[in-house]
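Each chain is listed here by its residues.
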Amino acid sequence: MSDLGALFIRSAFIENMPLTLFLGLCTFLALSRRPGTAVGLGVAVIAVMGVTVPLNHLIYRFVLAPGAWTWAGLPDLDLSYLRLLTFIGVISAAVQLVEMILDRTFPALFTTFGVFLSLLAVHCAILGGSLFMADRNYGLAESTVFGLGAGTGFAVAVIMLSAIRRRLAYADMPDGLQGLGIAFILTGMMSLGFATFAQVAQP
Amino acid sequence: MAEMNPLRLWRQMLALPNESKNKTIAIAFVISAICAVMVTGATVILRPIQAQNRAMEQQARLEALLAEIPGLSQLLAGSDGTSLTTVVVDLQRARASPNVTPETLPTELADSRNWTQLTPQEDIANLGSRADLKQIYLLRNAEGSVELVILPISGTGYGGPIEAMIAIEGEMNTVAGLTILSHNETPGLGGRIDETAWRQQFASKQIRDETGSVRLAVARGAAATEFEVDAITGATRTNSAMTRMLQFWLGPLGYGPLLDAIRRGDF
Amino acid sequence: MKLWGTLTDPILRQNPVTLQILGICSALAVTTTLAAAITMSLALTAVVVSASGIISAIRKHLPSSIRLIMQIIIVASLVIVIDQVLQAFFYEMSQRLSVFVSLIATNCVVLGRTESFALHNRPLPAMTDALGNGLGYSLVLIILGSVRELFGHGTLLGYSIFRTAEQGGWFEPMNLMLLAPSAFFLLGGLVWAIRSWRSEQVEVSEYVLAPSREGANE
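Conventions adopted
Residue positions within a chain follow its written sequence, with the count starting from 1. A letter from A marks each chain and a number from 1 marks each ligand, given out in the order of writing. For this predicted model, a pLDDT threshold of at least 70 governs which residues receive local features, and a threshold of 80 or more governs which side-chain atom pairs are given and counted, while totals over whole chains, interfaces and linings are taken from all residues. Hydrogens and waters are ignored; side-chain quantities use all the structure's heavy atoms. We call two residues in contact when some of their heavy atoms are within 4.5 Å. Here the quantity called buried area is the total loss of accessible area, with a 1.4 Å probe, experienced by two parts when brought into contact, counted for both. The salt bridge criterion pairs a side-chain nitrogen of Lys or Arg with a carboxyl oxygen of Asp or Glu, the two atoms within 4 Å. Counted as a polar contact is a pair of N or O atoms within 3.5 Å, where, for protein atoms, one must be capable of donating a hydrogen and the other of accepting one, and residues adjacent in sequence contribute only when both atoms are in side chains. Helix and strand assignments come from DSSP, with helices taken as H or I runs of at least 4 residues and strands as E runs of at least 2, each series counted from the N terminus. We call Asp, Glu, Lys and Arg charged. Ala, Val, Leu, Ile, Met, Phe, Trp, Tyr, Cys and Pro are nonpolar, and the rest, Gly among them, are polar. Only protein chains enter the accessibility calculation, which uses a 1.4 Å probe; a residue is then buried when its area is under 20% of its type maximum, exposed when over 50%, and partly exposed in between. Among buried residues, the Ala, Val, Leu, Ile, Met, Phe, Trp, Tyr and Cys ones that are joined through side-chain atoms within 4.5 Å form a nonpolar core. Only residues whose relative accessible area exceeds 30% and that form no salt bridge are eligible for patches; like-charged ones are grouped when within 9 Å, while nonpolar side chains (Val, Leu, Ile, Met, Phe, Trp, Tyr) are grouped when within 5 Å. Residue-level accessible areas treat just the shown protein chains as cover; the underlying method is Shrake-Rupley with a 1.4 Å probe. A pair of strands is considered paired only if DSSP assigns at least 2 bridges between the two.

**Examining the interface of chain B and chain C**
The interface is formed by 25 residues belonging to chain B together with 25 residues belonging to chain C. The largest share of the area that chain B buries against chain C comes from Asn18, Ile31 and Gln50 of chain B, three residues that together contribute 20% of it. Where chain B meets chain C, there are zero salt bridges. The tally of links between chain B and chain C comes to four residue pairs in polar contact (both at pLDDT 80 or more). A total of 17 residues in the side of chain B that touches chain C trace back to one element, the largest contributor, which is helix α2 (residues 21–68) of chain B. Broken down by class, the residue content of the side of chain B that touches chain C amounts to 12 nonpolar, eight polar and five charged.

**What about the pattern of salt bridges?**
Residues and elements named next belong to chain B. Tallied over the full model, the rule gives seven salt bridges over all chains. Of the charged contacts in the structure, one is a salt bridge between arginine 192 and glutamate 195, with a shortest N-O distance of 3.2 Å. Judged by its relative accessible area of 32%, arginine 192 is partly exposed. Each member of the salt-bridge network shares a partner with another, and the members are Arg208, Asp260 and Arg263.

**Some thoughts on the nonpolar core**
Burial of nonpolar side chains together is a common tendency in soluble globular proteins. Counting 119 residues, the largest nonpolar core has Leu23, Phe28, Leu84 and Leu120 of chain A together with Leu28 and Ile104 of chain C as its most contacted members. In this structure, Ala125, Leu216, Ile232 and Met242 of chain B belong to the second largest nonpolar core, which totals 39 residues.

**Structural notes on a nonpolar patch on the surface**
All names here are of chain A. A grouping of Val51, Leu55, Leu58, Phe62, Val63 and Leu140 is seen on the molecular surface, where their side chains present a nonpolar patch of about 460 Å² in accessible area. The dominant element in the nonpolar patch, judged by the number of residues it contributes, is helix α3 (residues 35–64), at five residues. Examined against the element boundaries, valine 51 turns out to sit in helix α3.

**A few points about the pairing of strand β6 (residues 146–156) of chain B**
Residues and elements named next belong to chain B. Of all 11 residues in β6, nine are buried, a share of seventy percent or more. The pairing of strand β5 (residues 133–140) with β6 spans four bridges and is antiparallel. Within the sheet, the bridge partner assigned to leucine 138 lies in β6 and is valine 149. Pairing of β6 with strand β7 (residues 161–169), which is carried by nine bridges, proceeds in the antiparallel orientation. What sits directly across from leucine 148, in β7, is glutamate 169.

**As for unusual backbone geometry**
All names here are of chain B. Although it is not a glycine, asparagine 126 adopts a positive phi angle of roughly 60°. Locating asparagine 126 in the fold gives a position in the loop between β3 (115–117) and β4 (129–131). Residue asparagine 126 is classed as partly exposed on the basis of its relative accessible area of 48%.

**A short note on the interface of chain A and chain C**
Contact residues are listed per partner, giving 43 residues for chain A and 43 residues for chain C. Note on chain A versus chain C: buried area summed over both sides is about 3,800 Å², and carbon and sulfur give 78% of it. Considering only the surface of chain A that becomes buried against chain C, Phe22, Leu180 and Phe184 of chain A emerge as the three largest contributors, covering 19% of it. Where chain A packs against chain C, one counts zero salt bridges. There are zero residue pairs in polar contact (both at pLDDT 80 or more) connecting chain A and chain C. If you tally residues by element for the side of chain A that touches chain C, the top one is helix α9 (residues 180–195) of chain A, at nine residues.

Set out below in structure tokens:
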């Protein structure tokens, strides 16, 4: 059990998707001006990743991976080169599903999310999560924990950045740094801070 | 009835308004089919070249390791009796596997019966399970006895799996060299296991002491005995991962019995 | 002449990375060495040019309900083909780039350009625009890759430029350059430099501080 806990901590903080692995930066930087939108984005990412990574794992293991078709008498069949297309397809479908569920159950939340949810269909971090899962041969439980952990890490990072940027809206800074420039530098400092997690001893 | 000319059908389909259901389905189908053919074609055509690349990389790593071992190149260039051979060994029986060759090894390894599950106490290198069949490289001299073995070892480092090869010589208790095949450690910290200077410390280190227990390890700081190498500063987790990897594979659950067999002359 | 403008605009004036905030994701992780940065740039440029060309060619017959997913399928297929080619002919490089080549499929630059330009223009302008954006992206990657490799390893493309202390020289490699934060700092600095030079790209601040007045505290 502690292995899964360690995996969660590792995927959320030590291998934080935007700050350590550089994934999901487009939405990370573009949607972090206000804490409100950042919270929406964070929750959406956690939801989608928590659903798609285990789902993609099942599909990969039982359809695409080398040796998946051994039961049908085709042990040599290796469809893993199709994983990119499959994962993207599953993620698009999952995003559509999350949109529909949100629309029915929490309509107010759905309108706050607006267009972000559709953006998630082509999100580097969400696809990256599935690709890492396939590369590292995680099991089902590990995939779920990894998906939730990575999503949580993304959410934590984007909410923190939005809080800082909100404060900086009142700051006096050189014109060239306004907006994107200072966002990059802030992200760099946060990344440096998160790098200290690398020394955390794990059981 | 108009002729079912494919070209005519195609033109008719294209002439439909974009939003019509039939056209949507048709376009989706055609594009998907073309993409599938393109992707599958590229993969199938390029697969043999990729397999060759993997094999060549393995070979290159091996040659690099051999080049680093002092005196080995003279040894190889010298008497005609010495030659580097490769064989698949059965770790459980500590001898060469009679029916498995390096070519058939991948198929054998796909069978889960050729893997041994490790209990948490046994699994110090965090492997999960250990393959019972391994491909190793030997250098026999003119009399036929083994002068040098090169063994593939693996473990779990801080950032992911670590794959390495260790060369052992003499009475099978002295390290001749170590090369890292792949790792995912932090560059500048744990990643320094790949640096020549650090790896060259392993040459002439002893593996077991008189009681027979494996002592080869990465020290906590500076190396103090002939069994240790200096630790890499700031890479505590990687250092301990390397130690555990070495101790597993050189111990009773790894190549230990095989090394004993070679020392006895039974190989 | 218009084509020339389409080609050169995205290099500095409308650079996808520094102005449009597109394509950063897979950019930063692969810039630890110049060789990796160049390979990634070439791969992305190849994908975006081919994708733009293909999508522009079929744009008249693409139903809008499946527009997005069709674009994604075409781009993903191109990425898979390029990935296979890399694995076959540049094996070591493909090992280093690992998942990031696959992530080109979701790269905002590619989908951004096909969605906004290729769908509404003829193939030749579309491909030119794609090439321009590819070049703009490559410029940023190459600058980052050069700086990070030079100060992180003391080499450029593997050739030693600064002799490191290990080799008996004077240069102590800056390990920070090999880690994630340095890329962010460098990119922030690059954005600052470009916007100081071309002030029309400066973002307008949301709140302007009122000038303080003498004796305002009454």
